[in-house]
Amino acid sequence: MKTIFDIPGELLEDEIFSRVPMTSLRSVRSTCRKWNTLCKNRIFFGKETAAKKQFMMMDSRICLMNFDPCNLVDPSIKQVSLLDQIEISKVFQCNGLLLCVLKDCSRLLVWNPYLAQTRWIEPRISFQSSDRFALGHDNNNLNHKILRISDEHHPITSKHVLGFELYDFSSGSWKVLDVTPHWEIWSHLRGVSLKGNAYFPAQKKVGTKIRRVAGFFLCFDFTTESFGPLLPLPFQSEHGGVFTSLSCVREDQLAVLYQHWEAQETVEISVTDKIGPNVVSWTKFLKLVTSFCVHPYSGSFFIDVEMKIAVVFVLERAKACRYQTAHVIGQDGYFKSVRIREAPDLGNTFHPHERYCAPLVCSSYLPSLVQLQIKQPTFLMETM
């Protein structure tokens, strides 16, 4: 008598596992050893549909998106029920781990969606809404770390300075880094993690009057726990009038989207040929004259190299409303757009850019087997 365990592996992968949502993988993997192995192979090595799954933040919640650029009528976006009791203000991804910044700035949450593990990170001193974060790891032993960049005031001059702290997963503690920057990292420009290191858009400080020149980025090396030199982006601007957004292409390339404020009808995207803490070279991916503006506080994107397209997520203004919108742009003027949903009005008039929740996508997500090795909080113990 045959049972479900006798179903051929190819049939399991193509007809069953391909339809299983990420949020149910834990139950599938626990069925038997064979299913566990096939499920891992499906996610890590199989089928281009897996590459279309992305995590993103919408309305202060973490969602799983299955976005098919060829079918924009109804993108599948599902809120992750495991995290529905917390509100998120920022999210970052590194090697299959998600770093979530709580909206109330009380603490951080690191989540491995594939293993359904979480780890809470308490601050050394209180977190602030303007803090910049990045998640990475030491390439010698794969020990994960979190970088925090904060706005502070010099105790003697009272001038604005940047503070730097590093959290070590193995020790479970923060330490202060001694950094004297000749650059500025704005709080609204997100960094990304690639090959265990973090990359941030930056501005170069020039002269005694601290004139800032845009068109640079820099790397934080989690192995040496230090910043590299300023590296050139494919453009420069003496007056900083450029919006810049970084994204990852798979696990080996960096992409940058930029739009000049004086020429907002043009969007350009370049990808790296070579990337490291001290070196970079760029190749233009696409350039398109568009009808939309990527607002500095609301632009995130990912690219599909094979299809030669980019999907840009923005807040679109239409009369008195704001819509969370995805624009698909490509070569030879290709352009399609879909309004995902209306963005709720949060009523924050003191910080207008925080009045609406912009969609924020985590590019190049791949499941991870990294163990967070921490006891689960009671309210996050639901089965995925």
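Residues numbered from 1 in each chain as written. Predicted model: local features only at pLDDT ≥ 70, side-chain atom pairs only at ≥ 80, totals over all residues. Heavy atoms only, no water.

This part covers the overall build of the protein. In terms of helices and strands, the protein carries four helices and 26 strands. Counting over 384 residues, the protein shows a buried share of 52%. Residue pairs at least 24 apart in sequence account for 49% of intrachain contacts in the protein once pairs closer than 6 positions are excluded. Accessible surface computed for the protein: about 18,300 Å², of which carbon and sulfur atoms make up 51%. (Helix = DSSP H or I, 4+ residues; strand = E, 2+ residues; numbered from the N terminus. Buried < 20%, exposed > 50% of the residue type's maximum accessible area, 1.4 Å probe, protein only. Contact = heavy atoms within 4.5 Å. Areas by Shrake-Rupley, 256 points an atom, 1.4 Å probe, with all protein chains shown as cover.)

What follows concerns the confidence of the model for the protein. In this model, the protein carries an average pLDDT of 80, and 76% of its residues clear a pLDDT of 70 or more. Per-element confidence in the protein ranges from a low mean pLDDT of 47 for helix α4 (residues 48–51) to a high of 97 for strand β16 (residues 226–227). In this model residues 44–51 is a low-confidence stretch, pLDDT under 50, and it forms 12 contacts with partners more than four residues away in sequence or in other chains. Under a pLDDT of 50 for its full length, residues 375–384 has, in the predicted model, 29 contacts with residues more than four places off or in other chains. (pLDDT = per-residue confidence, 0-100.)

Right, let's talk about the sheet that holds strand β6 (residues 108–112) for a bit. Strand pairs in the sheet, formed through backbone hydrogen bonds, run parallel or antiparallel to each other. Taken together, four strands build an open sheet; the order of strands is β4-β5-β6-β7 and the sheet is antiparallel. Across the chains shown, the open sheet's two edge strands, defined by having one partner strand only, are β4 (88–94) and β7 (117–121). Going across the sheet, the axis of each strand differs from the next one's by a mean of 20 degrees, ignoring polarity. Of the pairings in the sheet, the one linking β4 to strand β5 (residues 97–102) comprises six bridges and is antiparallel in character. Looking at β5, one finds that Gln-93 is bridged to Leu-98. (Pairing = 2+ DSSP bridges. Axes fitted to C-alpha atoms, helices over the stretch in contact; angles between N-to-C directions.)

Looking at where Gln-93 falls in the secondary structure, it is placed in strand β4. A polar side-chain atom of Gln-93 sits 3.1 Å from the main-chain amide nitrogen of Asn-95. Here Gly-96 takes part through its backbone nitrogen, which lies 2.9 Å from a polar atom of the side chain of Gln-93. Setting aside anything within four residues of it in sequence, one finds Gln-93 in contact with Leu-98, Ser-193, Cys-362, Ser-363, Ser-364 and Tyr-365. (Polar contact = N/O pair within 3.5 Å; in protein donor to acceptor, adjacent residues only side chain to side chain.)

We now examine the sheet that holds strand β10 (residues 160–168). Read across the open sheet, the four strands follow the order β8-β9-β10-β11; overall the sheet is antiparallel. In this open sheet, the two strands that pair with only one neighbour each are β8 (132–137) and β11 (173–176). The mean angle between the axes of side-by-side strands here comes to 25 degrees, regardless of whether they run parallel or antiparallel. Bridge count between strand β9 (residues 144–153) and β10: nine bridges; the pairing is antiparallel. Considered in β10, the bridge of Arg-148 is made with Glu-165.

The next subject is the pairing of β8. For β8, the buried fraction is high: six of the six residues fall into the buried class. Here β8 shows two buried faces, one formed by Arg-132, Ala-134 and Gly-136 and the other by Phe-133, Leu-135 and His-137. Where β8 folds back onto β9 in an antiparallel hairpin, the turn is made up of six residues, including Leu-142, whose phi is positive at roughly 60 degrees.

When a protein is soluble and globular, its nonpolar side chains tend to lie buried together. Of all hydrophobic cores here, the largest spans 21 residues; its most connected members are Phe-55, Ile-62, Leu-83, Val-91 and Trp-111. Elements with a contribution of two residues or more to this core: β1 (53–58), β2 (61–66), β4, β5, β6 and β26 (360–362). Among the elements that take part in this core, β5 stands out by supplying three residues, more than any other. (Core = buried A, V, L, I, M, F, W, Y, C linked by side-chain atoms within 4.5 Å.)

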